[in-house]
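Residues per chain are reported as follows:
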Amino acid sequence: MSNIGSYETRLRDFTWKMAEEELGYGKDGKYNLGYFCSDRICEIGNGTKVALVWEGFTGEVRRYTYDDLRIYSNSFATLLRQNGLLPGDRICVFMDRIPELYISFLGILKMGGIVQPLFSAFGEDALAMRLEDAKTKAILTTRKHLGKVRRIRSSLPELSLVIVVDAGEKPLEQGEIAFSMEKAVKNEHIQIATVGPETPSVLHYTSGTTGRPKGALHVHSSVIAQAITTKWVLDVRPDDIYWCTADPGWVTGTSYGIIGAWASGITQVVLDAGFSAHKWYAFIEKHRVTVWYSAPTAIRLLMKEGLDPVNKHDLSSLRHLASVGEPLNAEAVLWSEKAYGKPFHDSYWQTETGSIVISNYPGMKIKPGSMGKPFPGITAAILNPKTFEPINTVGTVGLIGLKPGWPSMFRMYWNNKETYDKKFQNGWYICGDRSSIDSEGYFWFVGRDDDVINTAGHLVGPFEIESALLEHPAVAESAAVGKPDPINMEVVKAFIALKPGFAKSEDLSMEIMNYIRKRLSPLAMPQEIEFVDSLPKTRSGKIMRRLLRAKEWGEEIGDISTLEND
Ligand code: WT7
């Protein structure tokens, strides 16, 4: 029997208050998310249970108990306090998937700071933009990424402290301090910052079509939703070995790679190594992974490798599989049934929703290709794109709208009320995706309602790429769009008009690609560049990305007169 039991019964009976009580959230005045992921588990008698099994790219394995999480996160909280950081300060974690990343995340919350996780593969421009927007006070990083931080530091007057968690003996520069989690003085007890359910906790940056990336701000009570969805959707139980393959630079890696897992008191495993089918299967086999939360691109990569590597490993420990981030195609679900004897369960949500809002539940009939049904406690509908009224006809495509008010929903875009307000229409939160509902209430994803590119489950904003391209000396005009890709769903393609005096060439194309990879990230790097004489524009001069995109997808664009007048 799955944790959720009967979906219909839960749908009828569930209230968020029940989830709050089940977690004990707010009992004895305790609201701190960091506390719920470490100290609380120790208080209920599980301090010696393994919380994290970490494996590095060399194969080295380290284990941390809940007591370790508690004590080491205390050390981080103390360090930050001793260096003058205050509750509400934005503190960035910028590291590969090392234990310090996961544990400092809790430490920041325990001293009342707002954690700003950033993907360690971000280049200096992507990093600078987000640190500047959040007016970040401190950043925790490693030697490997320190160079990028140093190069942008002079442009970030608010950034007063850089903490290097693997500094060793080598000297650092002014304003940088070395900190070793394992060698630091152990603090059995600290004063955990007093927060309320609405105190800001995590600030995740996400990309939109226009403008700079937006910081979605979450609050401490988000843990109520993250814990109950971990239990009911991911079906996690006390003895599970849980593996979430996402990087905490993105929301899946924090909501379910830190918070949901540890608030549930289970053992989770982390692999800090690149992808290979053999490596992943060996990891599942070695650690006896039971619950696996991954992404369609990874599943497609595994499919590509075929059944041969599957048969070479014992994957019989796997009990429940789930996926998120991009459409999970029906073939991937059917293949996983064949390969692992279990289907992947699709789940849908966003940085802004903070937790899973639509999903296929254990025990419920899966319709391959469908995202499933709303989580109990979430009211979801398909809305008319003009009136924002619910469409009640089966199969009609419209916008996904959610009734605001669940605990893990974002509370604002940092410093950007205008964009935040636009996300709400007619009493609904507008996700920005298109879908339909079938006669049994299953949601079928159709596509995004904007120009944001979803590559390998990561959103990339065309504006950010175009702005960076314009800084290259050869580029006069540019447009970035998503083009279809069999593995990553979409990859970035850039259309570029060159400045006079520059000629198109393979070399120039490569140079521009690398320029974007270095300044933004490998995800934002165009996989293809097409040099054009000019770009299609509206009468007011806006580049018609949709036209370029439609061509890549072989779609009919129809009457473009409306576009021209945009
Ligand atoms: C966007 C959110 C929170 C998950 C990680 C990404 C797309 C997400 C699905 C799915 C089709 C999906 C949507 C959504 N997306 N899950 N199951 N099927 N599309 O978080 O970076 O905020 O991206 O990812 O377009 O709006 P994110």
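Note that the structure is predicted; figures quoted are calculated from it, not measured.

Draft legend 1. Examining the site of the ligand more closely. Neighbouring the ligand are 18 residues, the closest being Asp346, Ser347, Gln350, Thr351 and Asp433. In the environment of the ligand, a nitrogen atom lies 2.9 Å from a nitrogen or oxygen atom belonging to the side chain of Asp346. One nitrogen or oxygen atom from the side chain of Gln350 is found 2.9 Å from an oxygen atom belonging to the ligand. Burial of the ligand by the surrounding chains reaches 96%, relative to a free accessible area of 560 Å². For the shell around the ligand, the elements supplying multiple residues, two or more each, are helix H10 (251-263), strand S14 (344-348) and strand S22 (443-448).

Draft legend 2. Region of the structure containing the packing of aromatic side chains. As enumerated under the stated definition, the model contains 34 aromatic pairs in all. Ring plane angle 80 degrees and centroid distance 6.4 Å describe the contact between Tyr340 and Phe344, whose orientation is recorded as edge-to-face. Exposure class is identical for Tyr340 and Phe344. Each is buried. When the ring centre of Trp428 is taken as reference, the NZ or CZ atom of Lys403 above it lies at 4.1 Å.

Draft legend 3. Summary view of the domain arrangement of the protein. Along its sequence, the protein is carved into domain 1 (7-434) and domain 2 (453-553). Taking the mean C-alpha position of each, domain 1 and domain 2 sit 30 Å from one another. Taken together, the contacts link 25 residues of domain 1 with 22 residues of domain 2. Both sides of the domain 1 and domain 2 interface together cover about 1700 Å² of buried area, and 57% of this is carbon and sulfur. Here domain 1 is connected to domain 2 by 2 salt bridges. Put simply, Asp125 and Arg519 hold a salt bridge, and the shortest N to O gap is 2.6 Å.

Draft legend 4. Layout of the pairing of strand S21 (residues 428-437). Of all the 10 residues making up S21, 8 are buried; the element is thus mostly covered by neighbouring parts of the structure. Two elements, strand S18 (residues 398-402) and S21, share 4 bridges in a ladder whose sense is antiparallel. Directly across from Leu402, in S21, lies its bridge partner Tyr429. Note: S21 against S22, 5 bridges, orientation antiparallel. Bridged to Asp433 within S22 is Arg448. Connecting S21 to the antiparallel partner S22 that follows it, the hairpin turn spans 5 residues, and Gly441 within it adopts a positive phi of roughly 85 degrees.

Draft legend 5. Representation of the nonpolar core within the structure. If you look at the biggest cluster of nonpolar residues, it comprises 97 residues, and the most contacted ones within it are Trp16, Leu234, Tyr242, Trp262 and Tyr293. Once residues lying within four places of it in the same chain are set aside, the contact partners of Trp16 are Ile224, Ala225, Ile228, Phe375, Pro376, Gly377, Ile378, Trp406 and Pro407. Residues Val164, Ile453, Leu508 and Phe531 belong to the second largest nonpolar core, which totals 41 residues.

Draft legend 6. Main features of helix H12 (residues 296-305). Among the residues of H12, Pro296, Thr297, Ala298, Ile299, Arg300 and Leu302 are the ones counted as buried. Each element contacted by the buried residues of H12 is listed here: helix H11 (277-287), strand S12 (291-294), strand S13 (320-324), helix H14 (330-340), S14 and strand S26 (489-498). Gly306 lies just past H12 and shows a positive phi near 80 degrees.

Draft legend 7. Representation of the packing of helix H5 (residues 66-82) against helix H6 (residues 99-110) within the structure. At their nearest, the axes of H5 and H6 sit 7 Å apart, and the two run at 60 degrees to each other. Of the possible angle classes, the one that applies to H5 and H6 is oblique. For the pair H5 and H6, the sense of crossing is right-handed. In this structure, H5 uses Leu69, Arg70, Tyr72, Ser73, Asn74, Phe76, Ala77, Leu80 and Arg81 to contact H6, whose residues at the interface are Glu100, Ile103, Ser104, Leu106, Gly107, Ile108 and Lys110. Here the contact of H5 with H6 is built from residues that sort into 8 nonpolar, 4 polar and 4 charged.

Draft legend 8. The packing of H12 against H14, seen in detail. Contact geometry for H12 and H14: axes closest at 10 Å, N-to-C directions at 55 degrees. Considering their axes alone, H12 and H14 lie oblique with respect to each other. Of the two possible hands of crossing, H12 and H14 adopt the one that is left-handed. Contact with H12, carried on its side by Ile299, Leu302 and Met303, involves Glu331, Ala332, Trp335 and Tyr340 of H14 and no other residues of that element. The class makeup of the residues in the contact of H12 with H14 is 6 nonpolar, no polar and 1 charged.

Rules and cut-offs
- Residues numbered from 1 in each chain as written.
- Predicted model: local features only at pLDDT ≥ 70, side-chain atom pairs only at ≥ 80, totals over all residues.
- Heavy atoms only, no water.
- Near = heavy atom within 4 Å.
- Polar contact = N/O pair within 3.5 Å; in protein donor to acceptor, adjacent residues only side chain to side chain.
- Areas by Shrake-Rupley, 256 points an atom, 1.4 Å probe, with all protein chains shown as cover.
- Helix = DSSP H or I, 4+ residues; strand = E, 2+ residues; numbered from the N terminus.
- Phe/Tyr/Trp six-rings, centres within 6.5 Å; stacked < 30°, edge-to-face > 60°.
- Buried < 20%, exposed > 50% of the residue type's maximum accessible area, 1.4 Å probe, protein only.
- Lys NZ or Arg CZ within 6 Å of the ring centre and 35° of its normal.
- Domains from an automatic or database assignment.
- Contact = heavy atoms within 4.5 Å.
- Buried area = accessible area lost by both parts, 1.4 Å probe.
- Salt bridge = Lys/Arg side-chain N within 4 Å of Asp/Glu carboxyl O.
- Pairing = 2+ DSSP bridges.
- Core = buried A, V, L, I, M, F, W, Y, C linked by side-chain atoms within 4.5 Å.
- Axes fitted to C-alpha atoms, helices over the stretch in contact; angles between N-to-C directions.
- Parallel < 35°, antiparallel > 145°, perpendicular 65-115°, else oblique.
- Left-handed = near helix turned anticlockwise from the far one by under 90°.
- Nonpolar A, V, L, I, M, F, W, Y, C, P; charged D, E, K, R; others polar.

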